[in-house]
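Examining the three-dimensional arrangement
One letter stands for each residue in the lines below.
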Amino acid sequence: MGTIPRQTVVVSERPLESEPTQPLASMGDAEIMRVRWAFRISAPAPGLRIWLCQAQLCQSLARNHGETQRFSGRSAAGPFRLRFQWPPGEHRGDRRVISDVQLIVDYRQ
């Protein structure tokens, strides 16, 4: 299980990324089976795009909680990040705070 620090998302021409999770050293050669996530958004954010990423592989998140097998077979020792982006030209001045981010990585040794 990992957490990602609170993140303020503002309008930007490029996607913003969160700080990475810090995987446990004991994960070593473990492989991911499934990843579950949950987070809170300070206010409704229609149009805000959010991805869960490990290195260059990303999964678009349609909801603030769920699970995916997209990362199955990859190293569980690699950190995850969230990536955020408002659509260009929309939401000028809008800010949202993403908080209480939890990632649960189910893995096998």
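In what follows, the accompanying structure is described. All values reported here derive from a predicted model rather than from experimental measurement. (Residues numbered from 1 in each chain as written. Predicted model: local features only at pLDDT ≥ 70, side-chain atom pairs only at ≥ 80, totals over all residues. Heavy atoms only, no water.)

Here we come to the pairing of strand S5 (residues 49-54). Burial analysis of S5 places five of its six residues in the buried class, the great majority of the element. Relative to strand S8 (residues 81-85), S5 is paired through five bridges, and the arrangement is antiparallel. Note on S8: the bridge partner recorded for Cys53 is Arg81. Pairing between S5 and strand S6 (residues 57-60): four bridges, direction antiparallel. Each residue of the ladder has a partner; that of Trp51, found in S6, is Ser60. Hairpin connection between S5 and S6: a loop of two residues separates the two successive antiparallel strands, and Ala55 in this loop has a positive phi of roughly 55 degrees. (Buried < 20%, exposed > 50% of the residue type's maximum accessible area, 1.4 Å probe, protein only. Helix = DSSP H or I, 4+ residues; strand = E, 2+ residues; numbered from the N terminus. Pairing = 2+ DSSP bridges.)

Where side chains of opposite charge bring their charged atoms close, a pairing between them can arise. Going through the model one piece at a time under the given rule, you end up with seven salt bridges. Among the ionic pairs, Arg81 bridges to Glu17, the shortest N-O distance being 3.8 Å. Taken together, the residues Arg81 in strand S8 and Glu17 in strand S3 (residues 16-17) connect sequence positions 64 residues apart. A salt bridge links Asp106 to Arg36; its shortest N-O distance comes to 3.1 Å. Of this pair, Asp106 sits in strand S9 (residues 95-108) while Arg36 is found in strand S4 (residues 31-41), placing the two residues 70 residues apart along the sequence. Using a relative accessible area of 29% as the deciding quantity, one classes Arg36 as partly exposed. (Salt bridge = Lys/Arg side-chain N within 4 Å of Asp/Glu carboxyl O.)

Let's shift gears to the state of the cysteines. Under the defined criterion, the tally for this structure stands at one disulfide. The disulfide partner of Cys53 is Cys58, and the S-S distance across this bridge is 2.1 Å. An S-S torsion of about 110 degrees defines the bridge between Cys53 and Cys58 as right-handed. We note that Cys53, like Cys58, is buried. (Disulfide = S-S within 2.5 Å.)

Structural measurements only, silent on function.
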